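# Coordinate inspection notes
Single-letter residue listing:
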Amino acid sequence: MQFQVMNSPFSQEQVELLNRLVPTLTQTQQIWLSGYFTATQNSNTTLHTTTEVTTVISTDSPVAISREVTVLFGSQTGNSQGLAKALSIKLEQLGFQVTLSSMSDFKSNTLKKVQNLLIVASTHGEGTPPDNAIPFYEFLHSKRAPQLEDLQFSVLALGDSSYEFYCQTGKDFDKRLEELGGKRLSPRVDCDLDYDDSAAEWIENVLANLNKTLESTGVVQGTTLNGTEIVAEQSAYSRTVPFKAEVLENLNLNGRGSDRETRHLELSLEGSNFQYEPGDCVGIYPENSLALVESLIEKMGWNSEELVSVNKKGEARSLRDALLNNFEITVLTKPLLEQTAKLSSNKALEELVAPGNEVELRNYLDGRDLLDLVQDFSPWKGTVQEFVSILRKMPPRLYSIASSSKARPDEVHLTIRTVQYESHGRERYGVCSTQCAERLEPGEQLSMYIHHNPNFKLPTNSVTPIIMIGPGTGVAPFRAFLEEREESSAEGKAWLFYGDQHLLTDFLYQLDFQRWVKDGVLTRMDVAFSRDTDKKVYVQHRMLEKSRELYQWLEDGASVYICGDEKHMAHDVHNTLITILEQEGGKSTEEAVAYLNDMQQQKRYQRDVY
Amino acid sequence: MTHNKSVVVQDGPPSDVEDIKTRSRYLRGELEEALKDGITGSMSEDENRLMKFHGSYMQDDRDLRNERHRQKLEPAYQFMVRIRAPGGVLTSEQWLAMDRLAREYTTGSIRITTRQAIQFHGILKWNLKKSIRTINDALLTTLAACGDVNRNIMCNPNPYQSEVHAEVFEWSTRISDHLSPKTNAYHEIWLDGEKIVDSNADEAEQEPIYGKVYLPRKFKIGVTVPPTNDVDVFSQDLGLIAIYEEGKLKGFNVAVGGGMGMTYGDTQTYPQLARVIGFCTPEQVIDVAEKTVMIQRDYGNRSVRKYARFKYTIDRYGMEWFINELHTRLGWNLEEARPYEFSHNGDRYGWIKGSNGKWHLTLYIPSGRIEDQEGYPLMTGLREIAKINTGDFRLSPNQNLVIGNVTTAKKRKIEELIKEYGLTDGKHHSALRRNALSCVAFPTCGMAMAEAERYLPTLLDKIELILSKVGLSEEAINIRMTGCPNGCARPALGEIAFMGKAPGKYNMYLGAGFAGERLNKIYRENIGEEEILNILEPMLHQFAQEREVGEHFGDFVIRAGYVKAVQSGLDFHN
């Protein structure tokens, strides 16, 4: 970067000096300087502040002077939250005073006072922020956002590179904080589905830079950094060390004649020491289809027994094994195409990833897999290892848990809809769902872990009424909720809105829900079966029909839960809630939106949407 | 005309069904709420009882019960909906409307019942209202197609004596209308009719004939025109035999106290034949029907439903008592019965010219099931015929279909369609198959203990082999099969009959009269296919060799000493 009077606060003379100095600095020197200036400024401030700090200094602790760090997370499924928590623990171990908060709980009017801000944010759906990040995101992008000259920040962005707006929320925060005058403590890192390594790197960088800042001012002594390990749970198994769970039951919940298939899986957790609560998910590491793997190997003329390294540690596996278990071969991403372009002698691929062809590239990625890619852009050069090394690691699939561990110790139930469709002249199969539907017998094992989702939890007070909206497989966590409430004899009222295509064949867990209605565990249940009626009806229509009662429940303090499809359902349901608040509560649209935001703040409006 | 004397002669407290009826406020019950209950395709037992009066009852696909339970799904509940069409006569327009309904809301087939009604299967709860509305829009009804009321009145679809049929049919319709329930509940629930909340209206206004508890059990009336006894007039609670001279209807012989159903292991239950007790003129017949129904209303057993049919009321009090009671209520006496003669109870297939110069085509419909099958587009063919036929469609008591009152001009066109769609009058089938009758049984009927409709054709294949070996392929023998002893295919009137006891096991009955004038008798209990064939083979062989000229198989087995003749149901178990 060339300094100019126009783009910096410096004078012409300073600009010239800087332009001579800066290009000669190593990266370490740059970071050191950045930390130095920040710390200097901060220690100056410290000197002028109250005696409180002095008191702290006078303690015996080797890390006497603490620096305050605010860690904010925007998390939908809990990954960002987990990372933010891990980061905070590290920071505290290093003697920092940490404020860890979800963005929705953070009081945005205190932002001006924050000096060190670390953000961990995921991106949801088509580039939108997760639910609990929305208020902060909107505040930051509004005119009310303060200037943040005193702020240093860094952003860890989580996303999925197969989406067009990859890590968009993190990018937006990063850009906006800079626009508001903040300075980067360390560069933003964008993480793909296999985020572990990149996230650890970011955390390490952030800690090192913060530390340097302090060291330079002599505040922190003798602290060394070990590699960043994400805090282990009580269980020895985790996302990175999955448990092999035995399949106890695997059946289709859809009756004959249905054009859908939904597997009900019961897994044994015996020996895993996993703990879970209703609202949590299970992550499954699936296996690719053997047929697809073999077509791929055949098309490339590879040897399926050749050993390839599958990770940074250099663990070797046969090519067939690696493609079956370690790598993603059913989704194409922009980074993948850019890298494969180097391995193809076909000019067309190079052209496709060239700037200016973004639309064509996007169109190409849609609905195609690795087999399409190798067929369309042969001939290929390079080694098998080179090719394999650029593939994304097999990402785990998350499924909302459909059982309560209180009701079923050592068991976990999942509800998985089989995904199958035709695209570009070939049948395509959802990797995990098809494995469950076609290649998983009771007695076999599945690699899995528990993924905690703190943002989808029953109210702590069991008397609080709950309204659950979960059509299709979105009903899964509500089966867990109701099992839990039944098991703990909770007194709170419960109301479930459910729907699918046909009552006769598609009513997931019908007997369970009927029993709960009969026993009073479920106070009300309203269903919408879209293909049983002349006009298609969905859950939101049933909500509107019952708008008066529903509003009364909200006024009585009910918590609202939505689970299922984000694109259409969750959106429609959200708008319906606004309509109900307007209609029954006499509120303006702004008031209705504020009412829902408020509910969200109070954790009375929670979503698990995908 | 109404006679509201309520004579309570009971052996015990009223059954719970009586209680449901009493509480139902003239068949309303909680039906509307049950229809709205969205989390189940079913209705409660109470509502299901009431549904019968509205022409429907709940069934489920029994083949799928266990599988669905494992899938955490309730049974595949569905509703059978039956249309009450007196004498089974429909116009072409009505046929087309029913054809559309069948394709839209049912399993896709139209069923002709053994009582000349149309039955649809597989209607889901949320399609019930639309279906029943469609039926009413076509000027047909389902009201009282089932339940403890007078059911669909059977009437011989006689293609020969056109004028007599027209007259007899007219009287059947009038009896049917007269005995229809008068409650407004049907309109309120199914046709969005205005709700009549008139608690002051007394019983006589609401239901002048039935009262608030309706009948103790179903009540069946059949009318026939000799020499045909296709309606099995002696199987009816009230049978009417048309008496005519020189093509003019003179009146009806009145027969009372028949019925088919029984309960295994309870010899107090039995099939019974109606007995002819006298004669009335056409103008008197409605009065006779009404008073007979009201006597059963007042004297029928309301405590134990299996003893509640009219046949038991008569057998308990005696025929003489009934005749006296009837005469008292009528205020006049029946005349002495007139002579008549029956020759058969089966159908005559193919084209027949009626005395009015119009044509009638009787088509053979296996088990009364009208649907499109691979290579046999029966339903489509009939639809095309209905589009051009200016006559009518008549359902036969043997579950066949008569395309009636066809003009000579249309006959040629219909013949072309018959050829185009490959429809058959069944003449290429053996006489045994053409005279076979079976009930629905598995998978939808909740009472079935064994297969009937799905299995009988297989059994017939094997019996036909025997018949062809002994040279009897053209011999008409009535063969009937039901999945339980309730009698839907009138099994006690089969020359050979099977009543289901368990999957693959049947009781075998022999010796009924060919014209439905004599009951059969049990020959073997609990036997499977192999034993059935082992029994029939030598028997049919002997029949072929030893039969007298014109002797029917049912008569032969009695003469040969296989079973004793049963002239009264009281001897059925002896």
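Residues numbered from 1 in each chain as written. Chains lettered and ligands numbered in written order. Predicted model: local features only at pLDDT ≥ 70, side-chain atom pairs only at ≥ 80, totals over all residues. Heavy atoms only, no water.

Along its length, chain A carries 22 helices and 21 strands. In chain A, which comprises 610 residues, the proportion classed as buried is 52%. Long-range pairs, those at least 24 residues apart, make up 76% of the contacts in chain A between residues at least 6 apart in sequence. Only carbon and sulfur atoms are counted for the fraction: they give 49% of the accessible area of chain A, which is about 28200 Å². (Helix = DSSP H or I, 4+ residues; strand = E, 2+ residues; numbered from the N terminus. Buried < 20%, exposed > 50% of the residue type's maximum accessible area, 1.4 Å probe, protein only. Contact = heavy atoms within 4.5 Å. Areas by Shrake-Rupley, 256 points an atom, 1.4 Å probe, with all protein chains shown as cover.)

Regarding its fold elements, chain B presents 18 helices and 22 strands. Taking 25 Å as the expected radius of gyration for a compact globule of 574 residues, we find that chain B reaches 23 Å, a close match to that expectation. With the principal axes as the frame, chain B shows a C-alpha extent of 70 × 55 × 55 Å. For chain B, the proportion of its 574 residues judged to be buried stands at 64%. Restricting the contact set of chain B to residue pairs at least 6 apart, pairs at least 24 apart contribute 69%. (Rg over C-alpha atoms; globule rule 2.2 N^0.38 Å.)

Attention now moves to the nonpolar core. All names here are of chain B. In this structure, Trp 95, Met 98, Phe 120, Phe 322, Ile 370 and Leu 382 are the most contacted members of the largest nonpolar core, which totals 102 residues. Those residues in contact with Leu 382, other than ones at most four positions away along the chain, are Trp 95, Leu 363, Ile 370, Phe 393, Leu 401, Ile 403 and Leu 423. Membership of the second largest hydrophobic core comes to 41 residues, among which are Leu 437, Val 470, Met 508 and Tyr 523. (Core = buried A, V, L, I, M, F, W, Y, C linked by side-chain atoms within 4.5 Å.)

This part covers the sheet that holds strand β6 (residues 154–155) of chain B. All names here are of chain B. If you trace the 5 strands from one edge of the open sheet to the other, you get β6-β7-β8-β9-β10, paired in mixed fashion. The strands lining the two open edges of the sheet, one partner per strand, are β6 and β10 (275–280). For strand β8 (residues 238–245) and strand β9 (residues 248–256), the ladder comprises 8 bridges, and the chain directions are antiparallel. Directly across from Ile 243, in β9, lies its bridge partner Gly 251. Of the strands in this sheet, β6, β7 (221–224), β8 and β9 are in contact with helix α7 (residues 162–178), which crosses β9 at around 50 degrees. Along the sheet, helix α10 (residues 285–299) contacts β7, β8, β9 and β10; its crossing angle with β9, the most-contacted strand, is approximately 10 degrees. (Pairing = 2+ DSSP bridges. Axes fitted to C-alpha atoms, helices over the stretch in contact; angles between N-to-C directions.)

All names here are of chain B. Residue position: Met 539 is located in helix α17 (residues 529–546). Taking the relative accessible area as the measure of exposure, Met 539 reaches 1% and is therefore buried. Taking the C-alpha atoms as reference points, Met 539 and Arg 68, separated by 471 residues in sequence, lie 45 Å from one another. With residues near it in sequence (within four places) discarded, Met 539 still touches Leu 510, Tyr 523, Phe 553, Phe 556, Val 557 and Tyr 562.

Right, let's get into the interface of chain B and chain A. Each partner contributes to the interface: chain B provides 20 residues, whereas chain A provides 25 residues. Together chain B and chain A conceal approximately 1800 Å² of surface at their shared face, both sides included; 56% is due to carbon and sulfur atoms. Between the two partners, chain B and chain A, sit 3 salt bridges. Close ionic contact of Asp 534 of chain A with Lys 130 of chain B constitutes a salt bridge, the shortest N to O distance being 3.5 Å. Where chain B touches chain A, the interface holds 12 residue pairs in polar contact (both at pLDDT 80 or more). (Buried area = accessible area lost by both parts, 1.4 Å probe. Salt bridge = Lys/Arg side-chain N within 4 Å of Asp/Glu carboxyl O. Polar contact = N/O pair within 3.5 Å; in protein donor to acceptor, adjacent residues only side chain to side chain.)

Per the UniProt entry, the sites bearing "domain: Flavodoxin-like" (unreviewed entry) are residues 69–207 of chain A in this numbering. Span residues 69–207 of chain A is 33% helix and 22% strand, its end C-alpha atoms 11 Å apart. (UniProt positions renumbered as here; feature names shortened; annotations may be inferred.)

Residues and elements named next belong to chain B. Residues annotated in UniProt with the feature "binding site: siroheme" (unreviewed entry) correspond here to Cys 488. Counting through the fold element by element, Cys 488 comes out in the loop between β19 (479–482) and β20 (496–502). Cys 488 gets classed as partly exposed once you look at its relative accessible area, which sits at 44%. Dropping the residues within four chain positions of it, Cys 488 is found in contact with Thr 114, Cys 439 and Thr 482.

Turning to the pairing of strand β12 (residues 359–363) of chain B, a few remarks are in order. A regular strand places its side chains so that they alternate between the two faces of the sheet. Residue and element names in this part refer to chain B. Across the 5 residues of β12, 5 count as buried, placing the element largely inside the fold. Burial along β12 is two-sided: Trp 359, Leu 361 and Leu 363 and His 360 and Thr 362, pointing in opposite directions, are all buried. By the bridge criterion, 4 bridges tie strand β11 (residues 350–353) to β12 in an arrangement that is antiparallel. Residue pairing for β12: Lys 353 is matched across the bridge by Trp 359. Relative to strand β17 (residues 401–406), β12 runs antiparallel, the two sharing 4 bridges. For Thr 362, the partnering residue across the bridge sits in β17 and is Val 402.

Okay, the environment of Ile 414 of chain B next. All names here are of chain B. With respect to the helices, strands and loops of the structure, Ile 414 is situated in helix α14 (residues 408–421). A relative accessible area of 0% places Ile 414 in the buried class. Spatially, the C-alpha atom of Ile 414 lies 8.0 Å from that of Ile 388, the residues being 26 residues apart in sequence. Beyond its immediate chain neighbours, meaning those up to four positions away, Ile 414 contacts Trp 351, Ile 385, Ile 388, Asn 389, Ile 403 and Val 406.

Below, the discussion takes up the sheet that holds strand β9 (residues 281–285) of chain A. Residues and elements named next belong to chain A. With antiparallel pairing, 6 strands are arranged side by side in an open sheet as β12-β9-β16-β7-β8-β13. Whereas interior strands pair on both sides, the edge strands pair on one side only; in this sheet they are β12 (397–400) and β13 (411–417). Looking at each pair of strands side by side, their axes are set apart by 40 degrees on average, direction ignored. Of the strand pairs in this sheet, strand β7 (residues 243–252) and strand β8 (residues 262–268) are connected by 6 bridges, and their pairing is antiparallel. Residue Glu 249 lies in a different strand from β8, and its bridge partner there is Glu 266. Strand contacts of helix α15 (residues 431–438): β7, β8, β9, β12, β13 and β16 (445–451), with the helix running at about 65 degrees to β12, the strand carrying the most contacts.

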